[in-house]
Amino acid sequence: MLEQLRGIVQEVNAAQDLQSALDIIVRRVRESLATEVCSIFLYDTDLNAHVLMASEGLNKEAVGHVSLAVGEGLVGLVAKHAEPINLRDASTHPSFHYIQETGEESFHSFLGVPIIHHRNVLGVVVVQHAQLRGFDEGEEAFLITLSAQLAGVIASAEATGAIEGVSPSGHKISDTVFGGVSGASGVAIGKIVVVFPKANLYQVPVRRARDIDQEIGYFTSSLNKVRDDMRNMHERLAGRVAEEERQLFDVYLHMLDDDALGNEVVERIRSGHWAQGALAEVAREHVRTFEMMSDEYLRERAVDIKDLCSRVLFYLQQGEQVETEYFEDTILVGEEVTPAMLAEVSKSKLKGIVSVKGSGNSHVAILARTMGIPTVMGVVDLPINQLDGREVILDGYKGEIIGNPSDTVRTRYENTIKEQAELIADLEELKDLPCITADDHRVHLWVNTGLIADVAHSLDQGAEGVGLFRTEVPFLLSERFPSEQEQTDIYREQLAAFSPMPVTMRTLDIGGDKALSYFPIEEENPFLGWRGIRVTLDHPEIFTAQIRAMMRASIGLENLQIMLPMISNVNEVNSSMQLIKKAHRELTQEGLEVKFPPVGVMIEVPAAVYQTRALASMVDFVSVGSNDLTQYLLAVDRNNPRVANLYSAFHPAVLHALYHVVSEAQKVGKQVSICGEMAGDPGAAVLLLAMGFDVLSMNAATLLKVKSVIRSVSLDAAQDLLDQVMQMDDAQMIRSAVDLTLYNAGVDRLLRSSRTN
Ligand code: PEP
Ligand code: MG
């Protein structure tokens, strides 16, 4: 059974398009279950009906023509209840709806199973029999398992059609929506540039060749380089490795010399594809063919083809590589967008960002928010390879991409873009006004930074200090660890720009979703693993160089604060303090006049919440990292779009933890701030000020929105709201109560423009 399932899934995966995938499914299921009929109905949004898309056993002419309205017939019932229906005699069921064109009158027994993808019923797969026999449990389980496995493939094939503007039944459609998660609010209309990692055959986008002969030239020279490499390796390894291993290079050379692969790629380039895309497509097709072979030896050759073609791709991307061209209104799309990819596009051209992986609190989304670029994360069904050069609308509020926009929808979004600009212009007036509540309570608004570009933007927004400088950002943009002097220069720039305002520099916080290409950390569970202070305490040389650089950079400015990430016990603080003191001692011995800076601890894991008092007593301040605290308290990966709906900083558990931290820090007289994204949500900011946070540190793009809200509410009103929500037990209810307060304060215009779940 498992073998059959595996075989079908593999064959379907290899299909070229939706129709061939469906045809394979009906043929293979009918064979496997030895039924007389197998059919697939898919829901077509355009028709608002389930259309018979493929069938083995029913009249072929009916395929593509017959459809059942929503809720109609047994198919409609299966889809409506999202449950299988298994009947011995379908014709006696009250929902039975006979469709003459299909010729199904002779089939009595019926088993219909829904095809569900991300809670969405895509359609129904049906098997039928003439005999009055019903389907047994095993058959039903087989169809359910298969349908669950194929739903993703069908969804992605449908998505490929949708981006071309075609519905499953072949109708022309517009406004095709691809759902994800909001990464940064705002709307953008622009053309897609797909960015992709090097030497990965599965992520090369489809792109037209600009100059066919030149592309062929690139390809042949890359192929020749691989051929030379193989010959060299073959010779070098003679007598040094086992003969079977050496034979691998023979196999590679045969594949290259026989030219079949090469000719196919050249043919494809001639038909208009760029060399990288042509190579990737040919490679993927060959890999699939080999993977499906029943002979184990031949199946393993798939790995050889992948390896060989990756080598050619590597040279193609290295060699005469043309620079990526960015449009004036670029929407950057990638399987996994990295800070380095963002840094390559000039700010004036970057209008939007879309990442297939990641979620609203992934670091790239945080960076995008800081830059004020509308962003959508976790668009898992996006047919990324097909997108290069297409125009789309990006809705960063809802977390959606809209392909083939109609004039009506486009006009609507153009108006939103205008409103956005007006709102930003209106908020500018608040820049030089103090951040005080309507009853004169002072709140300090600081910013989170990382990129050099953040500095000017932050100062421009009236920031009063830096609550979090993510020092890992320059590390992520580098190709090796920056030296102590290089770090000193970077830190000096930050400190000088904000002087005399305080700048809180966090020690290197890598691990989790922040991987340095030159210091890879492979872990099963990266967020529970070697992260933040755990890494740097294990590498005191990295920690010390960073501390020394920070202190050297602060000489004469004296506005440095140091902050420790991911602290989960007091020993980590003790060890860090020892290293910080040692670095200070050494610098003093070297004759430098360095003031010992205030040191603080981040509260971002539940253990630290319950040790706030002990931790705060050891340092000068504490700062809550609500992004991580929320993920760890709720056991929701901040990076996983599947569980994004469960990630909420308004969850009562998060609010109670925050309140606890503030009161414990206050008991030992230490300053308490918050630097997670929550501080930049205008509604959340009202709760945080009522809790008693001394400083709210946020991305610069939200600072004026938060100031606008704080200036519109009184501390009394904020405390009343806090009392009210602390009694509530549901995040949604809390969010609504907060929204209502903003509405009553007359700042509901901001409600739509920024929120953290
Ligand atoms: C946090 O966890 O809230 C935080 C500020 O740190 P980061 O988002 O960089 O993990
Ligand atoms: Mg964190």
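Residues numbered from 1 in each chain as written. Chains lettered and ligands numbered in written order. Predicted model: local features only at pLDDT ≥ 70, side-chain atom pairs only at ≥ 80, totals over all residues. Heavy atoms only, no water.

- As named in an unreviewed UniProt entry, the protein is phosphoenolpyruvate--protein phosphotransferase, taken from OM182 bacterium.
- Listed in UniProt under the heading Cofactor (unreviewed entry), the comment for the protein reads: "Mg(2+)".
- Turning to the protein, the UniProt annotation filed under Subcellular location (unreviewed entry) states: "Cytoplasm". (UniProt positions renumbered as here; feature names shortened; annotations may be inferred.)

**Some remarks on the overall build of the protein**
Turning to step 1, where the next piece is worked out: Per the secondary structure count, the protein includes 26 helices and 22 strands.
Turning to step 2, where the next piece is worked out: Taken against the 2.2 N^0.38 rule, which gives 27 Å for 757 residues, the C-alpha radius of gyration of the protein at 30 Å falls within 12% of a compact globule.
Turning to step 3, where the next piece is worked out: If you line up the protein on its principal axes, its C-alpha atoms span 85 × 75 × 45 Å.
Turning to step 4, where the next piece is worked out: Every one of the 757 residues in the protein was classed for burial, and the buried ones make up 55%.
Turning to step 5, where the next piece is worked out: Partitioning the intrachain contacts of the protein with sequence separation of at least 6 by distance along the chain shows that 67% fall at a separation of at least 24.
Turning to step 6, where the next piece is worked out: Each charge class in the protein was averaged separately, 66 positive and 105 negative side chains, and the resulting centres sit 4 Å apart. (Helix = DSSP H or I, 4+ residues; strand = E, 2+ residues; numbered from the N terminus. Rg over C-alpha atoms; globule rule 2.2 N^0.38 Å. Buried < 20%, exposed > 50% of the residue type's maximum accessible area, 1.4 Å probe, protein only. Contact = heavy atoms within 4.5 Å. Lys, Arg positive; Asp, Glu negative; His and termini not counted. Charge placed at Lys NZ, Arg CZ, Asp CG, Glu CD.)

**A closer look at the site of ligand 1**
Turning to step 1, where the next piece is worked out: Taken together, 17 residues lie around ligand 1, and Arg 470, Arg 506, Gly 625, Asn 627 and Arg 638 are the ones closest in.
Turning to step 2, where the next piece is worked out: A distance of 2.8 Å separates an oxygen atom of ligand 1 from a polar atom in the side chain of His 363.
Turning to step 3, where the next piece is worked out: In the model, an oxygen atom of ligand 1 is placed 2.7 Å from a nitrogen or oxygen of the Asn 627 main chain.
Turning to step 4, where the next piece is worked out: Summarising the interface, the protein chains cover 100% of the accessible area of ligand 1, which totals 280 Å² for the free molecule. (Near = heavy atom within 4 Å. Polar contact = N/O pair within 3.5 Å; in protein donor to acceptor, adjacent residues only side chain to side chain. Areas by Shrake-Rupley, 256 points an atom, 1.4 Å probe, with all protein chains shown as cover.)

**A look at the sheet that holds strand β15 (residues 444-449)**
Turning to step 1, where the next piece is worked out: Spatially, β15-β16-β17-β18-β19-β20-β21-β22 is the arrangement adopted by the eight strands of the closed barrel, whose pairing is parallel. Each neighbouring strand pair of the sheet contributes to a mean axis angle of 30°, computed without reference to strand direction.
Turning to step 2, where the next piece is worked out: For strand β20 (residues 621-624) and strand β21 (residues 671-674), the ladder comprises four bridges, and the chain directions are parallel. If you follow Ser 623 over to β21, its bridge partner there is Ser 673. (Pairing = 2+ DSSP bridges. Axes fitted to C-alpha atoms, helices over the stretch in contact; angles between N-to-C directions.)

**Describing the UniProt feature "domain: GAF" (unreviewed entry) in the protein**
Turning to step 1, where the next piece is worked out: On the UniProt side, "domain: GAF" (unreviewed entry) is annotated at positions that read residues 17-164 here.
Turning to step 2, where the next piece is worked out: Structurally, residues 17-164 is divided into 35% helix and 28% strand, and its ends, taken at the C-alpha atoms, are 12 Å apart.

**Quick word on the coordination of the magnesium ion (ligand 2)**
Turning to step 1, where the next piece is worked out: Coordination of the magnesium ion (ligand 2) by the protein comes from Glu 604 (OE) and Asp 628 (OD), over a distance range of 2.0 to 2.2 Å. With Glu 604 in the loop between β19 (599-603) and α19 (606-609) and Asp 628 in helix α21 (residues 626-634), the pair connects residues that are 24 residues apart, well separated along the chain.
Turning to step 2, where the next piece is worked out: Overall, Glu 604 belongs to the buried group, its relative accessible area being 2%.
Turning to step 3, where the next piece is worked out: Under the relative-accessibility criterion, Asp 628 is labelled buried at 3%. (Donors = N, O, S within 2.8 Å, 3.2 Å for Na, K, Ca; no water.)

**Thoughts on the domain arrangement of the protein**
One frequently used descriptor of interface size is the decrease in accessible area upon assembly of the parts.
Turning to step 1, where the next piece is worked out: One can read the domain layout of the protein as domain 1 (2-163), domain 2 (176-196 + 335-409), domain 3 (212-320), domain 4 (450-597) and domain 5 (612-757).
Turning to step 2, where the next piece is worked out: Each of domain 3 and domain 4 has a C-alpha centre, and these two points are 45 Å apart. (Domains from an automatic or database assignment.)

**Observations regarding a negative patch on the surface**
Turning to step 1, where the next piece is worked out: On the surface, Asp 439, Asp 440, Asp 716, Asp 720 and Asp 723 cluster together to form a negatively charged patch.
Turning to step 2, where the next piece is worked out: Tracing the sequence through the fold places Asp 716 in helix α25 (residues 715-726).
Turning to step 3, where the next piece is worked out: Asp 716 sits in the exposed class, given a relative accessible area of 52%. (Patch = residues over 30% accessible without salt bridge, like charges linked within 9 Å, V, L, I, M, F, W, Y side chains within 5 Å. Salt bridge = Lys/Arg side-chain N within 4 Å of Asp/Glu carboxyl O.)

**Considering the packing of helix α1 (residues 2-13) against helix α4 (residues 137-163)**
Turning to step 1, where the next piece is worked out: Where α1 contacts α4, the axes come no closer than 10 Å and their chain directions differ by 25°. The orientation of α1 with respect to α4, classified from their angle, is roughly parallel. Crossing handedness for the pair α1 and α4: right-handed. For the pair formed by α1 and α4, the contact residues are Gln 4, Leu 5, Ile 8, Val 9, Val 12 and Asn 13 on the first element and Phe 142, Thr 145, Leu 146, Gln 149, Leu 150 and Val 153 on the second. (Parallel < 35°, antiparallel > 145°, perpendicular 65-115°, else oblique. Left-handed = near helix turned anticlockwise from the far one by under 90°.)

**Some points on the side chain of Arg 28**
Turning to step 1, where the next piece is worked out: Here Arg 28 lies in helix α2 (residues 18-33).
Turning to step 2, where the next piece is worked out: Judged by relative accessible area, Arg 28 falls into the buried class, the value being 16%.
Turning to step 3, where the next piece is worked out: When neighbours within four sequence positions are excluded, Arg 28 is seen to be in contact with Gln 4, Gly 7, Ile 8 and Glu 11.

**Quick notes on the side chain of Glu 604**
Turning to step 1, where the next piece is worked out: Here Glu 604 sits buried without a salt bridge, and the closest side chain of opposite charge, Arg 506, lies 4.7 Å off (N-O distance).
Turning to step 2, where the next piece is worked out: A distance of 2.7 Å separates a polar atom in the side chain of Glu 604 from the backbone nitrogen of Met 566.
Turning to step 3, where the next piece is worked out: In contact with Glu 604, not counting residues within four places along its chain, are Pro 565, Met 566, Gly 625, Asp 628, Leu 629 and Tyr 632.

**Comments concerning the sheet that holds strand β6 (residues 120-129)**
Turning to step 1, where the next piece is worked out: Overall, antiparallel pairing links the six strands, which are arranged β3-β2-β1-β6-β5-β4 in an open sheet. Edge positions in the sheet fall to β3 (67-69) and β4 (85-87), since each of these pairs with one other strand and no more. Ignoring strand direction, the axes of neighbouring strands in this sheet form an average angle of 20°.
Turning to step 2, where the next piece is worked out: Looking at chain direction, β4 and strand β5 (residues 109-117) are connected through three bridges and run antiparallel. Each residue of the ladder has a partner; that of Ile 85, found in β5, is Gly 112.

**Some thoughts on unusual backbone geometry**
Turning to step 1, where the next piece is worked out: Each neighbour pair has its own omega, and for Ser 499 with Pro 500 the value is 5°, a cis peptide bond.
Turning to step 2, where the next piece is worked out: Of note in this structure, Asp 440 is not a glycine but carries a positive phi near 70°.
Turning to step 3, where the next piece is worked out: Along the chain, Asp 440 falls in the loop between α12 (407-428) and β15.

**Looking at the pattern of salt bridges**
Turning to step 1, where the next piece is worked out: Scanning the model with the defined rule gives 37 salt bridges in all.
Turning to step 2, where the next piece is worked out: Asp 460 is paired through a salt bridge with Lys 431; the nearest N and O atoms lie 3.8 Å apart. Of this pair, Asp 460 sits in helix α13 (residues 453-460) while Lys 431 sits in the loop between α12 and β15; the two residues are 29 residues apart in sequence, bridging distant segments of the chain.
Turning to step 3, where the next piece is worked out: Across the pair Glu 472 and Arg 506 runs a salt bridge, and its minimum N-O distance is 2.5 Å. In this pair, Glu 472 is assigned in helix α14 (residues 472-476) and Arg 506 in strand β17 (residues 503-506), connecting sequence segments 34 residues apart. With respect to class, Glu 472 is no different from Arg 506; both count as buried.
Turning to step 4, where the next piece is worked out: Via salt bridges that share partners, Glu 472, Arg 506, Asp 509, Lys 514, Arg 531, Asp 628 and Arg 638 belong to a single interconnected network.

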